[in-house]
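Per-entry structural report
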Amino acid sequence: MNGYFITGTDTGVGKTNVTAALLRCFLDAGHNALAIKPIQTGCRKTVDGFIAEDVETYAQFTESYFPKGYPDACCRKFHPACSPHLAAQLVEEELDVEKLTYDIKQLSADKQLVLVEGAGGALVPLGQGETLLDLMERLALPVILVADNRLGVVNHALMTVKAIRERGLTLAGIVMTNTSPVQDDAYLRQNNIETIAEYGDVSILAEIPYFTREKRAISIIHHTKKIVAALEKKTTDDIDCVKAEVDFDQRYIWHPYTSALNPLPSVKVHGTRGTKIILEDGAELIDGMASWWCAIHGYGHPKLKSALRFQLGRMSHVMFGGLTHDPAIKLCRNLQKMTPDGLDHVFLADSGSVSVEVAIKMALQYMQADGQKKRTKLFTIRGGYHGDTSGAMSVCDPTGGMHHLFSSLLPQQIFASRPSCGFDDEFFPACLDEAREIISKHEAELAAIILEPIVQGAGGMYFYHPQYLSGLRALANEFGILLILDEIATGFGRTGKLFACEWSDVIPDIMCVGKALTGGTMTLAATLATHEVAATISRDGGVFMHGPTFMANPLACAVANASLEILQTTNWADLVNNIEGWLKEALTPCRRLSAVKDVRVLGAIGVVELNSTVDVEKLQSFFIKRGVWLRPFGKLIYTMPPYTMSHDEIKTLGTAIFDAISTNAHVEGN
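Residues numbered from 1 in each chain as written. Predicted model: local features only at pLDDT ≥ 70, side-chain atom pairs only at ≥ 80, totals over all residues. Heavy atoms only, no water.

**Here we look at the packing of helix α10 (residues 302–314) against helix α17 (residues 554–569)**
In the contact formed by α10 and α17, the axes pass within 8 Å of each other and the chain directions differ by 150 degrees. Between α10 and α17, the angle falls in the class roughly antiparallel. Classified by chirality, the crossing of α17 by α10 is right-handed. In contact with Lys303, Leu304, Ala307, Leu308, Gln311 and Leu312 of α10, α17 contributes Pro554, Leu555, Ala558, Val559, Ala562, Ser563, Glu565 and Ile566. Classifying every residue of the contact of α10 with α17 by side-chain character gives 10 nonpolar, 2 polar and 2 charged. (Axes fitted to C-alpha atoms, helices over the stretch in contact; angles between N-to-C directions. Helix = DSSP H or I, 4+ residues; strand = E, 2+ residues; numbered from the N terminus. Parallel < 35°, antiparallel > 145°, perpendicular 65-115°, else oblique. Left-handed = near helix turned anticlockwise from the far one by under 90°. Contact = heavy atoms within 4.5 Å. Nonpolar A, V, L, I, M, F, W, Y, C, P; charged D, E, K, R; others polar.)

Here is the structure:
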């Protein structure tokens, strides 16, 4: 949907006349355009229903273009002349932003350009905690602000400009009106315009002088023509700019896990909302990936945005060496309370990979401080993934993993086979025999066991039996080595437990968390350790030798605290349990397809494993056409959606996956 949202600094500032004049000028310029009034209060009662006066104004300005009469372009009409939320309340109705958005899109479906006029100011309440700004955000149209040039307009305009921009909306510019004639205040009015332009860093599209009612339409249209010309030029420039940006991206920006010279195509995103990714062309995709598993609350949660804005106003960053701050202290308290008992010491890192590096260094330094200087290697299982930095890569699968090219350059660790006992299988103690044999053989050189608890993520999305993890904890105790659990992907409810290690009633010596920690808002991770680990490292004046520049970034810590609060105050376990049931329902039909090797679901994780490697580029294109976002890899098509996803959205994901496989959309060259 192309067009503009017209809002005002207040009611009675002339935005209906501006909207009607803009419509007339766009029609004169050859555009198939329509102006829509989502909500009108104070409507006249007639025998045929309510009449929306603003729509009548659109009709008066554009009569020659609608010989059969102007369309009924008002979505909701109310008789009480008051704020929309109160008008709806007085007649025992509700205003719903999603329904309004749908109605607007239906009215404008066959139009080249649409003008949507708000009611009053941008923050006019609609009810249920929503305002007109929520509707503006939902429509994602550039905004034209209409401001009446009078005493007080500077404050009102600048506050509205700030509110619009804080929602990530594009402000096309301001139209200054004069609803009263100039007296002896011409200098003041001119200064208003200059001050708003300077302090708001915003374009003044036009100033419309005061006109008597008789000359209103012709005069306003005359002054509006230059606005349309400027907007049309900017639109053309923007289109050219988008093409240039995409071309630059394709040529010079190195995206993850792809070639610099022949990269996989990247689709330009305009914004996100709830469970949706909104593309530059306005298409909406159901995000089945939660942006690589971190946006557990969906996008744009008001508590996360509020926490970020508040902290940005106070302090965006300060070094953590020799200094501390409330967001970091609160976050570490929260992590200490939420994680398994005994993980009392918290080291804040700036990414999941770094938190794994920190964990490995802790384990090695622990052994050095404890006098066990030959214990410098790590034990892990094949099929694991722990990150893309050197230490983390060394404990990823050395042959089947994505970092096998570097295996000869990395520290050589000790590997056992991937556990043969699946999550839902009957457990046999013999599953641990290989691990016991290897650990016993290398006991003198092993510092720690490191693995992802229960779910192996990017290494293959394999779910192993909880008792296997319990057995490794027992082996670590028996042989005097540390247990490191990488909960970066699984932590904060993803598997149906707050932390995946709870499936085994296991407490690690060191634990890494990340991804969902900030709800997908900023990069942040943490490494937690027991007092025994921390005290041993710090023995005899020892210090832990690690300190990222952006360690404990206040913005990230503040939004992490908000994310954890959402988790603690909502029924996340029920949400994840529901998603698990819906995923089983949606993905089970894939089992009957010959191309499918296995289907597995645990918590908010759904995996379809195929018999052969998929064509990622081809599948990506297929899924976008079906209105979903999934990012397959290897032989896997999988989803780890936000916890806020609905039953219907999960059904849509499942249907898209089934159809992709059944039509061979995953097969290269088909």
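**Some remarks on the environment of Cys396**
Note that Cys396 resides in the loop between α13 (390–394) and β17 (414–416). Take Cys396: its relative accessible area is 2%, and that puts it in the buried class. Sequence separation between Cys396 and Ser407 is 11 residues; the distance between their C-alpha atoms is 9.3 Å. Excluding residues within four positions of it along the chain, Cys396 makes contact with Gly384, Tyr385, His386, Gly387, His403 and Phe415. (Buried < 20%, exposed > 50% of the residue type's maximum accessible area, 1.4 Å probe, protein only.)

**Regarding the packing of aromatic side chains**
Working definition: an aromatic ring pair is given by the centre-to-centre distance plus the angle between the planes. In this structure the tally under the stated criterion is 12 aromatic pairs. Ring centres of Tyr4 and Phe26 lie 6.2 Å apart, and the angle between their planes is 20 degrees; this geometry places the pair in the stacked category. With Tyr4 in strand β1 (residues 3–8) and Phe26 in helix α1 (residues 15–28), the pair connects residues that are 22 residues apart, well separated along the chain. Residue class for Phe26 comes out buried when judged on its relative accessible area of 2%. Between Tyr257 and Trp292, the aromatic rings sit 6.1 Å apart at their centres with planes inclined by 70 degrees, giving edge-to-face as the arrangement. (Phe/Tyr/Trp six-rings, centres within 6.5 Å; stacked < 30°, edge-to-face > 60°.)

**Observations regarding the domain arrangement of the chain**
Domain annotation for the chain reports domain 1 (3–241), domain 2 (264–287 + 572–663) and domain 3 (302–569). Relative to domain 3, the C-alpha centre of domain 2 lies at a distance of 27 Å. Across the contact, 15 residues belong to domain 2 and 19 residues belong to domain 3. Across the interface of domain 2 and domain 3, roughly 1400 Å² is buried in total on both sides, 71% from carbon and sulfur atoms. The three residues of domain 2 that bury the most area against domain 3 are Trp572, Leu602 and Tyr643, which together make up 46% of that side's buried surface. The interface formed by domain 2 and domain 3 contains 0 salt bridges. Mapped onto the side of domain 2 that touches domain 3, the elements with two or more residues apiece are α18 (572–587), β24 (596–602), β25 (605–610) and β27 (636–639). A class-by-class count of the residues in the side of domain 2 that touches domain 3 yields 13 nonpolar, 1 polar and 1 charged. (Domains from an automatic or database assignment. Buried area = accessible area lost by both parts, 1.4 Å probe. Salt bridge = Lys/Arg side-chain N within 4 Å of Asp/Glu carboxyl O.)

**Regarding helix α5 (residues 132–139)**
When you tally the buried positions in α5, you get 8 out of 8 residues, the bulk of the element. Residues Leu132, Leu133, Asp134, Leu135, Met136, Glu137, Arg138 and Leu139 constitute the buried set of α5. Downstream of α5 by one or two residues, Ala140 has phi in the positive range, about 60 degrees.

**Points about the sheet that holds β27**
On the basis of which strands lie adjacent, the open sheet formed by 3 strands has the order β24-β25-β27 and antiparallel pairing. What marks the edges here is a single partner per strand, and that holds for β24 and β27. Direction aside, the axes of adjacent strands within the sheet are offset by 10 degrees on average. Strand direction decides the pairing type here: β24 and β25, joined by 6 bridges, are antiparallel. (Pairing = 2+ DSSP bridges.)

**Thoughts on the nonpolar core**
Of all hydrophobic cores here, the largest spans 137 residues; its most connected members are Leu335, Leu348, Phe379, Tyr468, Phe492 and Phe623. Per-element accounting of this core gives the leading share, 9 residues, to helix α12 (residues 352–369). Inspection of this core shows a minimum of three residues originating in each of domain 2 (264–287 + 572–663) and domain 3 (302–569). Ignoring anything within four residues of it in the chain, the contact list for Leu335 reads Val346, Leu348, Phe492, Val513, Leu517, Ala526, Leu528 and Leu564. Membership of the second largest hydrophobic core comes to 75 residues, among which are Ala73, Cys75, Met136 and Leu169. (Core = buried A, V, L, I, M, F, W, Y, C linked by side-chain atoms within 4.5 Å.)

**Observations regarding the UniProt feature "binding site: pyridoxal 5'-phosphate" (unreviewed entry) in the chain**
According to UniProt, the "binding site: pyridoxal 5'-phosphate" (unreviewed entry) feature falls on Gly352, Ser353, Asp486, Pro548 and Thr549. Of the residues just listed, which span 198 residues, the most distant C-alpha pair is 22.7 Å apart, and they do not cluster in one region. For Ser353, the location among the structural elements is in helix α12. Residues in contact with Ser353, not counting those within four places in the same chain, are His386, Gly387, Asp388, Thr389 and Ala392. Structurally, Thr549 can be placed in the loop between α16 (531–537) and α17. (UniProt positions renumbered as here; feature names shortened; annotations may be inferred.)

**What to know about the UniProt feature "binding site: substrate" (unreviewed entry) in the chain**
In the numbering adopted here, UniProt assigns the feature "binding site: substrate" (unreviewed entry) to Thr41, Trp292, Tyr385, Lys515, Gly547 and Arg631. The annotated residues occupy 591 residues of the chain and do not converge on a single region, their most distant C-alpha atoms lying 58.6 Å apart. Its relative accessible area of 37% is what places Trp292 among the partly exposed residues. Excluding residues that lie within four positions of it along the chain, Trp292 makes contacts with Pro256, Tyr257, Lys515 and Tyr638. Examined against the element boundaries, Lys515 turns out to sit in the loop between β22 (510–513) and β23 (525–529). Beyond its immediate stretch of four places on either side in the chain, Lys515 contacts Trp292, Trp293, Cys294, Ile488, Ala489, Gly520 and Leu524.

**Quick word on α17**
One turn of the α-helix equals 3.6 residues, which is why residues spaced by three or four share an orientation. A rise of 1.5 Å per residue sets the reference length of α17, with its 16 residues, at 22 Å; its end C-alpha atoms lie 22 Å apart and thus fit the reference within 8%. Of all 16 residues in α17, 13 are buried; the element is thus mostly enclosed. Between the side-chain oxygen of the N-cap and the backbone nitrogen of Leu555 there are 3.2 Å, and the N-cap of α17 in question is Asn553. (Expected span 1.5 Å × (residues − 1). Polar contact = N/O pair within 3.5 Å; in protein donor to acceptor, adjacent residues only side chain to side chain.)

**Section: the pattern of salt bridges**
One pass over the full model with this rule turns up 31 salt bridges. Measuring nitrogen to oxygen at the nearest pair gives 3.6 Å for the salt bridge that ties Glu284 to Lys105. Note that Glu284 is positioned in strand β14 (residues 284–287) and Lys105 in helix α4 (residues 97–107), a separation of 179 residues in sequence. With its nearest N and O atoms 2.9 Å apart, the salt bridge here joins Arg150 to Asp148. Assessed through its relative accessible area of 34%, Arg150 is described here as partly exposed.

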